[in-house]
Every structure is written in structure tokens, then in C-alpha cells.
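Commentary on secondary and tertiary structure
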Amino acid sequence: MIVYDIVLNGEIKETIKPKKNRLKEIYSFMLEQSKLMKAKYGDNVKIKGRIVY
């Protein structure tokens, strides 16, 4: 399972878990979420993905 951490100034603020596992759907979901997170936290936000077993 792929999850995404929202990192602001080196500190993890949120973790986003996509509901579906298809790459095409994850890609469109993360494009939408990245816009929302930049609006919420500003331009210093970084999104890092990781795999959880």
C-alpha cells in the first residue's frame, strides 16, 4: 500500500492514503491533493511517498 506524507519544514503534518491502488487513479488523486495541500500549508510543502506493508 502506498501512502503519502505531507512534510512542512522537516515535520510530517499529515499522511494521505489513496482509496484505490491503480496507478492512474492514484496519480489523479495526488495531483488534486497536492493543489489542496499547497493552498492549505503554502509553497514550502513537500509530498513524500512510502510503501507500507
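Residues numbered from 1 in each chain as written. Predicted model: local features only at pLDDT ≥ 70, side-chain atom pairs only at ≥ 80, totals over all residues. Heavy atoms only, no water.

Looking at the nonpolar core
Convention followed: For this analysis, a nonpolar core means a set of buried residues of the types Ala, Val, Leu, Ile, Met, Phe, Trp, Tyr and Cys, connected via side-chain atoms within 4.5 Å. Partly exposed residues are those whose accessible area sits between 20% and 50% of the maximum for their type, while under 20% is buried and over 50% is exposed, using a 1.4 Å probe and protein chains only. Contacts: residue pairs with any heavy atoms within 4.5 Å of one another.
Membership of the largest hydrophobic core is limited to seven residues, which are Y4, I6, I16, I26, M30, M37 and V45. Other than its neighbours up to four places away in sequence, V45 contacts I6, V7, L8, M37 and K38.

A closer look at the pattern of salt bridges
The cut-off we apply is this: Salt bridges are defined by distance alone: a side-chain nitrogen of Lys or Arg within 4 Å of a carboxyl oxygen of Asp or Glu.
Under the definition given, this model contains three salt bridges. K13 is the salt-bridge partner of E11, the closest N and O atoms lying 3.7 Å from each other. Under the relative-accessibility criterion, E11 is labelled partly exposed at 47%. A relative accessible area of 38% places K13 in the partly exposed class.

A short note on helix α1 (residues 23-41)
Quick note on the threshold: Runs of E in the DSSP output that reach at least two residues are strands. Runs of H or I that reach at least four are helices, and both are numbered from the N terminus. Under the convention used throughout, the expected extent of a helix is 1.5 Å for every residue step, that is, one less than its residue count. In this context, the arc is that of the directions from the helix axis out to the C-beta atoms.
With 19 residues, α1 should cover 27 Å at 1.5 Å per step; its first-to-last C-alpha distance of 26 Å lies within 8% of that length. Within α1 the residues assigned to the buried category are I26, M30, Q33, S34 and M37. The buried residues of α1 all sit within an arc of 120 degrees when viewed along its axis, so they share a single face. In α1, the exposed positions angled more than 90 degrees off the buried face are occupied by K24, K35 and A39. Buried residues belonging to α1 abut β1 (2-8), β2 (11-16) and β3 (45-51).

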